[in-house]
Amino acid sequence: MTARPAALQLNKICKSFNRVSVLRSVDLELRAGEIHALLGENGAGKSTLIKVMTGAYSADGGEIILGDKTISPQTPSDAQKLGISTVYQEVNLLPNLSVAHNLYLGREPRRFGCIQWKKIRARATELLKRFDLDINVNEPLSSYSIAVQQLVAIARAVDCSAKVLILDEPTASLDAREVALLFRVMRDLRDSGVAILFVTHFLDQVYEVTDRITILRNGERVGTFATNALPRNELVAHMLGKELHALEHLSHHCPPAGREEDVLLEADSVTIANGVEQLNFKARQGDAIGLAGLLGSGRSEICSMLFGLSHVTSGKVSLAGKEFRPNSPAAAIKKGFALCPEDRKTEGIVDPLSVRENLLLALQAQKGWWRPIRAQQQKALVDEAIRALKIVCSDAEKPIGQLSGGNQQKVILARWLMTKPQIFILDEPTRGIDIGAHAEILELIRKLCAEGMTLIVASSEIEELVAFSNKVIIMRDKKMVGMIEGDAITENSVLSAIATPV
Amino acid sequence: MSARFIPVVVTAVLFLALLIAGSLQFSGFASPRVLLNLLTDNSFLAIMALGMTFVILSGGIDLSVGSVLALSSVLCAILVEKHGWHPLQAIPVVLIAGAAFGAIMGALIHVYKLQPFIVTLAGMFFARGLATVLSEQSIPITHSFFDSVNNFGFSVLGGWIGSATLLLIVVFAFGLWLAHFTRLGGYIYALGGNSTSAALLGVPMGLTTISIYTLSSTLAALSGIVYTFYTASGYALSGVGMELDAIAAVVIGGTLLTGGYGYVLGTLLGVMIMGLIQTWISFHGSLNSWWTKIFIGSLVLAFIIFQRGISAGFGTKKAKI
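Residues numbered from 1 in each chain as written. Chains lettered and ligands numbered in written order. Predicted model: local features only at pLDDT ≥ 70, side-chain atom pairs only at ≥ 80, totals over all residues. Heavy atoms only, no water.

Before going further, it helps to spend a moment on the domain arrangement of chain A. Residues and elements named next belong to chain A. Domains assigned within chain A are domain 1 (6-240) and domain 2 (245-499). With centres defined by C-alpha atoms, the gap from domain 1 to domain 2 works out at 35 Å. The interface is formed by 14 residues belonging to domain 1 together with twelve residues belonging to domain 2. Counting each side, the surface lost to burial between domain 1 and domain 2 is near 1200 Å², with a carbon and sulfur contribution of 61%. Scanning the region where domain 1 abuts domain 2 turns up zero salt bridges. (Domains from an automatic or database assignment. Contact = heavy atoms within 4.5 Å. Buried area = accessible area lost by both parts, 1.4 Å probe. Salt bridge = Lys/Arg side-chain N within 4 Å of Asp/Glu carboxyl O.)

The next thing to look at is the sheet that holds strand S13 (residues 263-272) of chain A. One key point about sheets: their strands pair by backbone hydrogen bonds, in either a parallel or an antiparallel sense. All names here are of chain A. What the four strands build is an open sheet, ordered S14-S13-S16-S17; its pairing is antiparallel. Whereas interior strands pair on both sides, the edge strands pair on one side only; in this sheet they are strand S14 (279-284) and strand S17 (322-323). For S13 and S14, the ladder comprises five bridges, and the chain directions are antiparallel. Considered in S14, the bridge of Val270 is made with Leu279. Packed on one face of the sheet, helix H9 (residues 299-306) meets S13, S14 and strand S16 (312-319) and runs near 115° to S13. (Pairing = 2+ DSSP bridges. Helix = DSSP H or I, 4+ residues; strand = E, 2+ residues; numbered from the N terminus. Axes fitted to C-alpha atoms, helices over the stretch in contact; angles between N-to-C directions.)

Residues and elements named next belong to chain A. Here Leu360 is to be found in helix H12 (residues 355-367). Among the residues examined, Leu360 registers a relative accessible area of 5% and is labelled buried. Along the sequence, Leu360 and Pro73 sit 287 residues apart, while their C-alpha atoms lie 46 Å from each other. (Buried < 20%, exposed > 50% of the residue type's maximum accessible area, 1.4 Å probe, protein only.)

Contacts between the two partners involve 32 residues from chain A and, on the opposite side, 26 residues from chain B. Together chain A and chain B conceal approximately 2500 Å² of surface at their shared face, both sides included; 59% is due to carbon and sulfur atoms. On the chain A side of the interface with chain B, the three residues burying the most area are A:Asn92, A:Leu94 and A:Asn96, jointly 21% of the side's total. The shortest N-O distance in the salt bridge between A:Glu108 and B:Arg183 comes to 3.0 Å. Our enumeration of links across chain A and chain B arrives at ten residue pairs in polar contact (both at pLDDT 80 or more). Those elements that provide at least two residues to the side of chain A that touches chain B are helix H2 (76-82), helix H3 (99-104), strand S8 (114-115) and helix H5 (146-159) of chain A. Residue contributions to the side of chain A that touches chain B peak at three residues, all from H2(A). (Polar contact = N/O pair within 3.5 Å; in protein donor to acceptor, adjacent residues only side chain to side chain.)

Moving on to the layout of surface pockets. All names here are of chain B. As a volume, the second largest pocket reaches approximately 620 Å³. What lines the second largest pocket is a set of 24 residues, among which Asn42, Phe44, Leu45, Asp245 and Gln278 lie closest to the centre. Considering each element in turn, the lining of the second largest pocket owes the most residues, five residues, to helix H13 (residues 264-284). Of the residues assigned to the lining of the second largest pocket, the class counts are twelve nonpolar, nine polar and three charged. (1 Å grid on protein atoms, 1.4 Å probe; cavity = no way out; pocket = protein on both sides within 12 Å on 5 of 7 lines; lining within 4 Å. Points joined across faces, edges and corners; volume = space filled by probe spheres on them. Nonpolar A, V, L, I, M, F, W, Y, C, P; charged D, E, K, R; others polar.)

For the rest of this paragraph, the subject is empty space enclosed by the protein. Tallied over the entire structure, the rule returns two cavities of 30 Å³ or more. In this structure, the largest cavity encloses a volume near 220 Å³. Together, 16 residues line the largest cavity, and A:Gln80, A:Thr86, A:Tyr88, B:Leu200 and B:Leu201 are the ones closest to its centre. At the level of elements, H2, strand S6 (84-87) and H5 of chain A are the ones that each hand at least two residues to the lining of the largest cavity. Here the residues of the lining of the largest cavity sort into ten nonpolar, five polar and one charged. What the second largest cavity holds in volume is close to 140 Å³. What lines the second largest cavity is a set of 14 residues, and nearest its centre among them are A:His201, A:Leu203, A:Leu294, A:Arg476 and A:Asp477. Every element with two or more residues in the lining of the second largest cavity is listed here: helix H7 (203-209), strand S21 (471-476) and helix H17 (491-499) of chain A. When the residues that make up the lining of the second largest cavity are grouped by side-chain class, the tally is seven nonpolar, three polar and four charged.

Right, let's get into the nonpolar core. Most often, soluble globular proteins have nonpolar side chains that are buried together. By size, the foremost hydrophobic cluster in this structure holds 141 residues, and its most contacted members are A:Val99, A:Leu103, A:Leu128, A:Val152, A:Ile154, A:Leu165 and A:Met186. Top element by residues in this core is helix H3 (residues 43-57) of chain B. It accounts for twelve residues. When near neighbours in sequence (up to four residues on either side) are disregarded, A:Ile154 contacts A:Val87, A:Phe131, A:Leu165, A:Leu167, A:Leu182 and A:Leu189. In terms of nonpolar packing, the next biggest core, distinct from the first, is built from 95 residues, A:Leu39, A:Met239, A:Leu240 and A:Ile302 among them. (Core = buried A, V, L, I, M, F, W, Y, C linked by side-chain atoms within 4.5 Å.)

Here we take up the sheet that holds strand S9 (residues 164-168) of chain A. All names here are of chain A. Taken together, six strands build an open sheet; the order of strands is S6-S9-S10-S3-S11-S12 and the sheet is mixed. A strand with exactly one partner marks an edge of an open sheet, and here the two such strands are S6 and strand S12 (220-226). Between one strand and the next, the sheet's axes are offset by a mean angle of 20°, whatever the strand orientation. The sheet contact formed by S9 and strand S10 (residues 195-199) spans five bridges and is parallel. Counterpart to Val164 in the pairing with S10 is Ala195. Along the sheet, helix H6 (residues 176-191) contacts strand S3 (35-39), S9 and S10; its crossing angle with S10, the most-contacted strand, is approximately 150°. Each of S3, strand S11 (212-217) and S12 touches helix H8 (residues 232-240); the most contacted strand, S11, lies at about 30° to it.

What follows is the structure in structure tokens.
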């Protein structure tokens, strides 16, 4: 098994954006005839690594060896010509062209200056038969399901003589039958000697189909393991890691349980349009509820629902005893909700605006544009926020983009605290920020709970959840699979709840 | 029937309906003579709109075509009348100038990642300005070659097929071949379908973009030449706003403005529908001819709303992910 040659080898790949290093000396070896899983949480560097392999980014350091040649693909089509093809979750084919045309675009057989459609159709039908697809190749691609489109993309990649096939989250939108079909094709290709890199966040699928696993965390390779020699618990522990050594003083702390009649927010067997099922919880004033689970398990989806970005399809959410059905963020804000979003850059900060303007956005929106906040009051509010959250910035008129990630995050938190929310939803509040700001934000979460605010915090860092939550909701594959309360919340209990196979 | 043919079928049905309604109201409305005149009188618009079809299919827009028509007609008139060139010498020069103009716009769009709207808007002002600088006055053309070309033709069923109609048929056939039997045609549809995917599939983006705008400008120059023969003069203010007529014809022809879906046949039908409305108003006699614009405006609006509905059928499926 180990004797197989390496089809693609990455040595000490480094990549950084704006001096933030995203990949630090990452190694990866793909052997011909294996299915290799690439795992890691959001921000671990998976997608950057793939983009380096496919030529979408060029690495700052390190080398890529294909077969026995060092290569440096500059564009995706370069990489494709060398034999590295990628199939993305969002199928990168053309929905408006026919299936046959998609398969042979740019390599159509021609005679007398005319494309020979008959030949293309015959070849396309023949090719797809190898993938057990018996479809009308004249129909536009968009008339078929995503699974079929994905198989068509793989067929094209293989037909262009791929030696290395990268599948980036190909199963995210497929149902079980379609996944089984895809896996059979993957195994066939593996047996014919193709090296397949399979990126996914479904652990069951990793164990079902892969031979080896490489895990990335925070831009570094944790290790490469044989799939059958790596227990699931260890795998999850490797992915989530132990990053919070500096925060050891934040031992588990459980806010006192409030009275049952103080229940502020309640979810009763809720199903959400974005796929989350079986959601049940009760949140009292002063509760800090942690949402734990792997990437894609449904953590963020719950945050979206509560903030009016996705609607409830069945079940009931109630707020202070009354049914609560927000249909827009504006409606949720009106009821006293606030959301600190997961993707700070695109959903949190407004880049060209100053720190002051960013701080005041939510408050001004709440008051309405026809009641501007007077300059004097603005200054007082901003100064107060900067002092209270210890935001480090020389001048509140500086564009927010110039602040560090941690300080940007504090600005977002302060922005919402100004609106005096009763329920504060934090989606990955500590991602990508330095350890000092990290500790301050955790401190803030505890302080807000003590003041009676209800917090709902989604996080991939278990130690963090353990540090402040008095309830932890365990999510797996978009289902709520458990709830751990009070003193039962420990790293081990949460970790094993996440990792337990279905 | 596949959903992608629905818009063009609707256009064809609309054309037939107009024809039938007109002939019920006025005798002689649907005669071969009227229909063939429709082709002759709109040949320059149709040629321009066929070029525009490819631009819109690729997801772009070309606002310069009306001005390129004027510039070509002035250039042609000056070369023939002021410099004594034979039209057969002048025409290739005008076509090459048009092609170069389009190639430059295409290159600007591709290399600097500029909006086609802005680049061709600049091209529109530039070409119109240049045409006016060359000659403010209309230049009448008296060359005998013009008369012989204009007189060439044969009559069919009481109607007349002239050189402009023949040229239109050739350009139409060329458009069909380009769209459906060449790699470039596939690339143009690909660009309009999803340009990121197209690039990932190895479509030569630069070459395709430049070809598209070169084609559109060349056909605009050709339509300028047809227009010059039609009016027997070159005038810098001819074809003002014609780019918008061309866009309207493409949209009425069922091509999706966001690109990727549409057929050259639809565009030809679109031009014919616009011509038919004009004919109907002139048969009517008492209506102001500007009513044509009101009808065309309503039709364009109706088609865009109709396509919103249709595109729920084929365009938005990929958003499901």
